[in-house]
Amino acid sequence: MEPDPAYLKPSSPESGLVKVARQGMGTRFEIVLPGTDAVRLRAAAEEALGEVERLEEMLSPFLETSEVARLNRRAAIEPVRVSPELFRYLEQAADLSRISGGAFDLTVGPLMAAWGFRNGSEGDAPPTAVLADAQGQVGMRWVELDHSDRTVRFHRPGLRLDLGAFGKGLAIDRAVERLREAGVGSALLHGGTSSAFALGEAPDGRAWRIGLEAPASGSDAAMRALEVFSLRDESLSVSAIWGRVLSGPTGKSYGHVIDPRDGHPVNHTQLAAVMLPSAAESDALSTALLVLGAEGVPLLSAVRPGLRTLVLAR
């Protein structure tokens, strides 16, 4: 998973809250629950956070035993049958890729590697031939999802799935489901500093409030407030070009978000925030909106009524 690139600051009273946290997917997940029955709330939160671990074991391309790692090893050779749950997630990801015009794409990994975000290189622009080769391995159109026998087939050698821009949102959605099943009606969940979900109302009876901060001058040392969002039964995800930047020998810096459509780092937009009822969708579409820029807001709003956004241009 990539480092969290944005900075969400939940605003809530410190007293009368149960807080449970767990590491997973390369970041820290936390659930904040108001209430007096601490034992029950803590148990519900622990069960909910268990979904993070379960999904990581299914989705991580870096765990040899995960379903996604098995797909990446075999699906370019032969169709691979997957679990109903993973098949649903891949269908959802394919739909999000389609509605975003390819701005969100789970197959972007080869381009990340070409630019040095996977192999530890200096991060300068790759040679044209290397970039073209990587671009040929990218695209959800090369991923065949066969509903008849629930199999997945890659039609490009070298194609790899990486759910890093989607998996954290899926984990938050599943955690929210577990909380609701346990009778929890009020909670705030966040995964790192870039994804959050507000369940029900805050302890004061109003919407949960989450502040968004950004580096004042391209550095984490000084922060500035951008916006405060009010959320109720809604997710907020933020994608930004800071958080991981590589500087090549030429001195030029590149943000860590790659446009899957042209193979180059995003440089026209600093930040994109998306609010939707689904954390998985807000997670994916915040990445898509960072790639698309402000021009993408009408496109995404047309297919997701009620979508709320914030876009910060460079």
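Note that this is a predicted model, so its numbers are computed, not measured.

Caption draft 1: Up close: the pairing of strand E5 (residues 143-146). Taking every second residue as pointing to the same face, the buried face of E5 carries Val-143 and Leu-145, while none of Glu-144 and Asp-146 on the other face is buried. As judged from the 4 bridges shared by E5 and strand E6 (residues 151-154), these two strands associate in the antiparallel manner. The residue of E6 that forms the bridge with Val-143 is Phe-154. In textbook terms, the turn of a hairpin is the stretch between consecutive antiparallel strands, and for E5 and E6 this stretch comprises 4 residues, one of which, Arg-150, has a positive phi near 60°.

Caption draft 2: Inspection of helix H7 (residues 279-292) at higher detail. Given a rise of 1.5 Å per residue, 14 residues ought to cover 20 Å, and the 19 Å separating the end C-alpha atoms of H7 matches this to within 8%. Burial runs high along H7: 14 of the 14 residues are buried. Structurally, the start of H7 carries an N-cap: the backbone nitrogen of Ala-280 is 3.4 Å from a side-chain oxygen of Ser-278. Gly-293, located one to two residues past H7, shows a positive phi value of around 80°.

Caption draft 3: Molecular detail of the sheet that holds strand E2 (residues 17-24). As summarised here, the arrangement of the 7 strands in space is E2-E3-E7-E8-E11-E14-E15, forming an open sheet in which the pairing is antiparallel. Two strands in the sheet have a free side with no partner beyond their single neighbour: E2 and strand E15 (308-313). Ignoring strand direction, the axes of neighbouring strands in this sheet form an average angle of 10°. Across 4 bridges, strand E3 (residues 27-34) lies against strand E7 (residues 187-191) in antiparallel orientation. Each residue of the ladder has a partner; that of Glu-30, found in E7, is His-190.

Caption draft 4: Main features of the nonpolar core. One finds Leu-71, Leu-161, Phe-166 and Leu-179 to be the most contacted residues of the largest nonpolar core, which totals 67 residues. Aside from chain neighbours lying at most four places away, what touches Leu-179 is Ile-31, Leu-33, Ala-44, Ala-45, Ala-48, Val-184, Ala-187, Leu-189 and Leu-199. Residues Val-32, Leu-188, Ile-210 and Trp-242 belong to the second largest nonpolar core, which totals 19 residues.

Caption draft 5: Broad picture of the sheet that holds E6. If you trace the 3 strands from one edge of the open sheet to the other, you get E4-E6-E5, paired in antiparallel fashion. Both edges of this open sheet fall to strand E4 (80-81) and E5, since each of them pairs with a single strand only. In the sheet, E4 pairs with E6 via 2 bridges, with the strands oriented antiparallel. Among the inter-strand pairings, Arg-81 is bridged to a residue of E6, identified as Thr-151. Seen against the sheet, helix H3 (residues 84-99) touches E5 and E6 and runs at an angle of roughly 130° to E5.

Caption draft 6: Inspection of the environment of Phe-197 at higher detail. Assignment of secondary structure puts Phe-197 in strand E8 (residues 195-199). For the pair formed by Phe-197 and Val-176, sequence separation is 21 residues and the distance between their alpha carbons is 8.1 Å. Beyond its immediate sequence surroundings of up to four residues, Phe-197 is in contact with Ile-172, Val-176, Arg-180, Ala-187, Leu-188, Leu-189, Asp-233, Glu-234, Ser-235 and Pro-277.

The rules behind each value
Residues numbered from 1 in each chain as written. Predicted model: local features only at pLDDT ≥ 70, side-chain atom pairs only at ≥ 80, totals over all residues. Heavy atoms only, no water. Buried < 20%, exposed > 50% of the residue type's maximum accessible area, 1.4 Å probe, protein only. Helix = DSSP H or I, 4+ residues; strand = E, 2+ residues; numbered from the N terminus. Pairing = 2+ DSSP bridges. Expected span 1.5 Å × (residues − 1). Polar contact = N/O pair within 3.5 Å; in protein donor to acceptor, adjacent residues only side chain to side chain. Axes fitted to C-alpha atoms, helices over the stretch in contact; angles between N-to-C directions. Core = buried A, V, L, I, M, F, W, Y, C linked by side-chain atoms within 4.5 Å. Contact = heavy atoms within 4.5 Å.

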